[in-house]
Amino acid sequence: MGPRGFDAKAMAGKVPAPERRVDLLVVGAGPAGVAAAIEAASAGAEVLLVDENPVAAGLMGLDTPLYYGGRYSAAVQNKGRMLQQVIAANPRLEEAIEAGVEVELGVYVWGAFAPGDGLASLPEPLAGLADEERSWMVGFRRLILATGARDVAFAFPRWDQPGVVGARGFGALTGTYDAFTGRRLVILGSGALAMETARLAFAKGLEVAALIEARPDAQSDPAELRALGVPIITGHVPVSASSGLDGLSGITIRDVTSGDETTIACDTAVQAISLTPVIELLNVLGADLVMAPHLGGHAPKSADGIATSLSQVFLAGDVAGVPGGASRPLEAARLSGRMAARAALGLSGETGQSPIAGFDALAYQQDWMRALIAGADGAVIVCQCEGVSREALLDVRQPNYLGAPSAGMRRRDLSVLLRDGPANLDQIKRLTRACMGPCQARRCREQVALTIACASGVSARDIPLAGHRAPVRPLPLAVLAEMDEHRDMTRLWDVWFGIRGQWTPYDDIGTDREDLHADLLGGDMHA
Amino acid sequence: MSNLPAGADVVVVGAGVTGLSAAWRLAQSGLAVVVLDKGVVGWEASGRNGGGASHYHSPLFHEEQRAWPLLDEELGYATEYRRERVIFATTEHHLSHYRHMAEICRGLGYRVDDLDPAQVREFVPLAGDNVTGGIHLRFGGQANPQRTVQAYAWALMDLGGRCLQHTPATAIVTRGGRVTGVETPRGRIACDHLVVAAGPQAEALLAGVGVRLPLAAARAEMIVTEPAPPMPVGGADGNGLYGRQTLRGNLAYGGGPHEWMEVDERGPRARPSTPLLRNLAKRVAELLPKAAHLRVIRSWAGVVENTPDGRPVIDRLDNPGNLTIATMSGVGFGLSPASGRAIRDLVIDGRCGFADISKLSLGRFADLEDDWREGRGWVPTSHAQGLVGLSAHARPSLD
């Protein structure tokens, strides 16, 4: 074998050392994340706990990271006030700081990367962090993801009005932010998540007009439901919403059997049908995922709800899966945090167990979607960012900016696509542009999959995940830009592979003009 | 999924732009064509690239320029093709490269205008005060890779061709010095002619019949922002980046270092994007300062194969004589209308009728050393190399 060459234009050696390194990085300061951080710090580890709250008002407008639905006061614009509120709402943060945990609030984790398949050039595991001003990298030996769960959203006519919110978004606005502006709620769903939402509303002194259930029967224990003292309207779906200057003013529901319609006055409709785990960073890391219908949908592959397929990465709390589509109880979340910390530090102790599975949250989501599709006309907008309607999705219709579709394009709908192979969400996204907007498909990822499943007559469990990509928060170019890059990154940057002679004009190949072109083009490819 | 056909006039391995364009041109000539792919149409580099179509260095350049403006009509589907391109610089160094590029294009008979900074900002309103100058290609352009690759597939199907997804070619079957068919996990398909346009996977597939196509695969990355107001010229790049503003308005740009990786016949094991997105974000913000506030909403990586000299191989072999191979060596998308036609000519006529492509023959690598990848450093980074620069105290003590 000849001497080993060196490709100066390749990635190796151009990744600078991170701004700092920590033993343990914990992402998410909810109950599980804080418990994990305290446990690890108490065991002597150096722990950095980051949480994105309070998030920028601009991101809240994109329902990122949670489905806030525009039902919040101007207080969210005041970062200082919000920061105080986030701390006040989470007394355990102080306990964490006392235990020696370093806490950073208002910091996004937009990516996480570990050496692995196709990424051997990365010298060490790195997380990408950012605030409103800049981004930086943090090296970690162990990473605990306590990123929680988020709402599965469902489109119905006029669901884009301020006041249509998700259960988790509602929880954040009433709790973490104390900025919720609604008074009278209708709750969609009647399972565990809806019950939790109703109890939270009562605790906050809000009025709950009704729980609406698409299935023929309520999905919770009848005695518990009776104890709520709220009407449960089963076999109905929302088909329209009225609104005024302040957003939602009422919601019209339809009996899925008789077609009779009823209007209920409310300023907020909380979608409390199902949560789904926030697996974005795991997907970016390349960790193994599984379809777990009882845990809310796509979830981390984990034998015990703590370990992942990556040796450096652990799970705490709802990110591991939401049993039945609802949050686990507070104490269970904290326990999983403590177990994650001990597993990450290699300490013996209690072992985790996969969350007990019972209620099929995914089948429940799909029943809701089926009923909504039956109840509404296809013009309902599914993807708010890109303005893609349900019928456009099912027709695999090209976006309006391309003008009128060709005759061939008009013939290509989902049923034709399905003849060529199983439904592929990424392919449908690219053609219709559904899920391709700035909210990064937080509002429509799951419901597009559910819609495609309903239309193709399969279970949503057979629809592959539409992948998450870094940055998992939509952050400005100027914030993400690496301003202090490795000098070899700057010096040796090339537009393409830097193969000398690749851009030599064809006629000059094999002539003495090859070197001239290589020098004068400097590797530049703008082809 | 549809049934496996018993045979076809031509089987094409690889439903990327090159294979599909060839299949479509062959079907236009009346042949029964079946395309096989291990996954989904355009899933690899064909659907993940910058979308540019102005490859002045290629023997297929003139045909590329002829074909694109007519392509939507001919295919019957939208490719989002937009004409022209502005390449502009923020340093004198880059500008000198672009001016040389302009000279080459003018020499080929195409109009290129030199632009001063004010003219650049007129065509590219998101550009800033840092512009040193640019060139305006009055030809070329860019299209949407994902839409285009799907359009080829559908145009093929409209002519009666078949495109079998999730059907990898696992072996080439020969008898008496000729290809007789292709093995797949679903059975064998017989063919009179075989076209291999299987990207990085082509090397392993061809090795099975004693044909050595030297390839090395690497990852390249791009980022995309939320939409900006449409600029007069969408194909605006420079500053070490390739890319464009899409018709929707998003800014999609790539460039920078790659990473070599092992790819076997099953394809890439992973296509991770990396912290390189920060270096790309920096350069997009420098290129288009008035877009610096735009949010980055995605990044992605594609795996690209390269030949030892970075130039394509488009060749009909002598043995087996009914086997045509094509790799575009990382520059395949824009040239696809032309490469497809060249492959069609090789299959049907035995020679390319519209351009001399003799320098793209496989024979040029006949004397290539066995360890050509190692000699160039075109090999995956070892973990030991990756750890260089990581100070001792930082080595994970928890491992």
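This text follows the structure it describes.
Report on the accompanying structure. Please read all numbers here as calculations on a predicted model, not as lab measurements.

The next thing to look at is the overall build of chain A. When helices and strands are counted, chain A shows 18 helices and 22 strands. Taking 24 Å as the expected radius of gyration for a compact globule of 527 residues, we find that chain A reaches 25 Å, a close match to that expectation. Its C-alpha atoms give chain A principal-axis dimensions of about 85 × 70 × 40 Å. A buried classification covers 61% of the 527 residues belonging to chain A.

Before going further, it helps to examine the sheet that holds strand β4 (residues 112–115) of chain B. Residues and elements named next belong to chain B. If you walk across this open sheet you meet the 4 strands as β4-β5-β3-β11, and the pairing is mixed. Edge strands, defined here as strands with exactly one partner in the open sheet, are β4 and β11 (236–237). Pairing of strand β3 (residues 82–89) with β11, which is carried by 2 bridges, proceeds in the parallel orientation. Across the sheet, the residue bridging to Val-86 is Ala-236, located in β11.

Now for helix α1 (residues 31–42) of chain A. All names here are of chain A. Taking 1.5 Å per residue, 12 residues should reach 16 Å; α1 reaches 16 Å between its end C-alpha atoms and fits that length. Here α1 lies mainly inside the structure; 9 of its 12 residues are buried. Every buried residue belonging to α1 is among Ala-32, Gly-33, Val-34, Ala-35, Ala-36, Ala-37, Ile-38, Ala-40 and Ala-41, and all of these are buried. At its buried positions, α1 is contacted by β1 (20–27), β2 (47–51), α4 (92–98), β6 (135–145) and α9 (330–344). Count one or two residues on from α1 and you reach Gly-44, which has phi positive near 100 degrees.

We now examine the pairing of strand β12 (residues 236–244) of chain A. All names here are of chain A. Relative to strand β13 (residues 247–255), β12 runs antiparallel, the two being bridged by 8 bridges. Bridging across to β13, Gly-244 finds its partner in Gly-247. Between β12 and β13, which follow one another and run antiparallel, lie 2 residues.

Reading the values: rules and limits
Residues numbered from 1 in each chain as written. Chains lettered and ligands numbered in written order. Predicted model: local features only at pLDDT ≥ 70, side-chain atom pairs only at ≥ 80, totals over all residues. Heavy atoms only, no water. Helix = DSSP H or I, 4+ residues; strand = E, 2+ residues; numbered from the N terminus. Rg over C-alpha atoms; globule rule 2.2 N^0.38 Å. Buried < 20%, exposed > 50% of the residue type's maximum accessible area, 1.4 Å probe, protein only. Pairing = 2+ DSSP bridges. Expected span 1.5 Å × (residues − 1). Contact = heavy atoms within 4.5 Å.

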